[in-house]
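Okay, here's what each chain looks like letter by letter:
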Amino acid sequence: MAVQHIEPHLVMADEQGNIYDDPHLLMLCRRGAQWGLPRPDEIMPLPEESEFFLLPGRQAVGLDPESGHIAAPDGEAQLAVAAFAAPGYTISAHPAYKSRPEAPLLPLFAYGAVGFAGGRFYICARRVDAEPRQEFRNIPRSRIEKGARALLRAHPDNRLIRHILDNCVARYDCPAARNFALGRYEAPLPTSRVCNARCVGCISAQEKGSPVHVTPQCRLTFTPAPEEVVEVMRIHSQRETQVPVYSFGQGCEGDPLMNPDLLVESVRLFRTGGGPGTVNCNTNASVPQAVARLAEVGLTSLRVSCNSARDTLYARYYRPVQYSLEDVRASIREARVRNVWVSLNLLFFPGITDTEEELEALARLVGENGVSMIQWRNLNIDPEWYFRCMDGGEGEAQLALKPAMGLARFMKRLKKLCPWLRYGYFNPYLGERAAITAPMPGEWHMPVPLPHGKADMAEL
């Protein structure tokens, strides 16, 4: 049976936030500097628990199918609209719009291209993880609050518990913190007040002079004791008895490897006390010696954050202090040779990540160092600002010359080069020790010649 071809219309909004569609204009999307119609294989119904964003100072535009020209809608509704996809989904294109000179910098969220057809909204995205770990639509808020109050009453002196529940749940509605209150899936373990990267899109702290004036979260203001950390882990293991995961490195902190002694002692105490489950560390992986020490005391998995496997683009986003991408590669190797599962927290950006250059660099990073998984995360940032940051003075034309192949094809081709790779969005439960099939460092070699594909963008 033939698959129905869906052609969503342009979606726009008025100044009051009312959202409309224009039946005369087709939805356009953007990957980097490339504009075009969405591919049929990337259009999907907008997932539940997604959100709409109005884009101030940005003119909504669509494609006039009769003339083949880009056009603005008629009427008062002129603002561009984007969708923030629910967890477990990776956006494959940004909305196309024309920014006015006075357009403000967009907050640190991910902006997916969205359209309307047949009575429903559609987004350019792909579901990369089917686990309902961060789905809360069927869980009453009162249940989360009840769990938080009970934990606070039972552990009044633990500062970390108070931070997770009073700050992360009550103030920021953090999904990981809500799961801790519910006693399910993955427990957050924020520990670090400092970081050795100055990420352009850091969600917890920005340096003086940054154009980002407000971050989605505030950074941790104290350093917990190992006993406080272990108490959180033990509480979670008693409540989540099937798939307990404990993760250092949260959005409300710097990088956990900045205080390796605390992490090592916490993991050691937990494991020597019979602590079960998957102990994970989300990190920029800048300190190989710290990774090795953690592996020796019982770390199960390491999730390494990166926006690019290319040194130049990595440095432009992370702006590392006294470390480089080579240190990150060394940390991955230290973890793999000690049988620690390594995931890349790949901050995907349509039009820059899904290129031939990035495919080759990413395959080398994965294969040569023994990475087991890619977590396809959205890079939360103003799309035009990030594009300028990655430009590095070379001129937009240089980046525009790099055609995007699209998320679906990029994933398929990477898997062909590295067939052991697991794809997902969340940190997986792996037990205490993972069964790893990724090659040891030095065992994998890039196929020659590199298999080629063609760009999937429907160009205008």
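Everything below is about the structure shown above.
Residues numbered from 1 in each chain as written. Predicted model: local features only at pLDDT ≥ 70, side-chain atom pairs only at ≥ 80, totals over all residues. Heavy atoms only, no water.

Caption draft 1: Spotlight on the packing of aromatic side chains. In total, this model carries 15 aromatic pairs according to the counting rule given. Relative to Y386, the ring of Y317 has its centre 6.0 Å away and its plane inclined at 70°; by these criteria the two rings are edge-to-face. Pair noted here: Y317 is in helix α7 (residues 311-318) and Y386 is in helix α10 (residues 383-391), with a separation of 69 residues, a long-range link. In this structure Y317 comes out as buried when scored by relative accessible area, which is 4%. (Phe/Tyr/Trp six-rings, centres within 6.5 Å; stacked < 30°, edge-to-face > 60°. Helix = DSSP H or I, 4+ residues; strand = E, 2+ residues; numbered from the N terminus. Buried < 20%, exposed > 50% of the residue type's maximum accessible area, 1.4 Å probe, protein only.)

Caption draft 2: Up close: empty space enclosed by the protein. Within the structure shown, the criterion is met by four cavities of 30 Å³ or more. For the largest cavity, the calculated volume is near 90 Å³. Around the largest cavity, the lining residues are L10, V11, M27, L28, A60, V61, A80, V81, P95, A96, A113 and V114. Of all the elements in the fold, those that place two or more residues in the lining of the largest cavity are β1 (9-13) and β9 (79-84). For the lining of the largest cavity, the class distribution of residues is 12 nonpolar, no polar and no charged. (1 Å grid on protein atoms, 1.4 Å probe; cavity = no way out; pocket = protein on both sides within 12 Å on 5 of 7 lines; lining within 4 Å. Points joined across faces, edges and corners; volume = space filled by probe spheres on them. Nonpolar A, V, L, I, M, F, W, Y, C, P; charged D, E, K, R; others polar.)

Caption draft 3: Main features of the sheet that holds strand β16 (residues 245-248). Taking strand neighbours across the sheet as the criterion, the seven strands line up as β15-β16-β17-β18-β19-β20-β21 in an open arrangement whose pairing is parallel. At either margin of the open sheet sits one strand with a lone partner, and together these are β15 (186-189) and β21 (422-424). On average, each strand axis in the sheet is tilted by 25° relative to the strand beside it, whichever way the strands run. Alignment of strand β20 (residues 373-378) against β21, held across three bridges, turns out to be parallel. Within the sheet, the bridge partner assigned to I374 lies in β21 and is Y423. (Pairing = 2+ DSSP bridges. Axes fitted to C-alpha atoms, helices over the stretch in contact; angles between N-to-C directions.)

Caption draft 4: Structural detail: the pairing of β15. Of the two faces of β15, the one holding E186 and P188 and the one holding A187 and L189 are both buried throughout. Note that β15 and β16 share four bridges and pair parallel. Paired with A187 across the two strands is Y246, which belongs to β16. In this region the chain leaves β15, passes through helix α4 (residues 226-239) and returns to the parallel neighbour β16; the handedness of that crossover is right-handed. (Right-handed = clockwise from strand over helix to strand, strands pointing away.)

Fair warning: the whole summary comes from geometry, so function is off the table for now.
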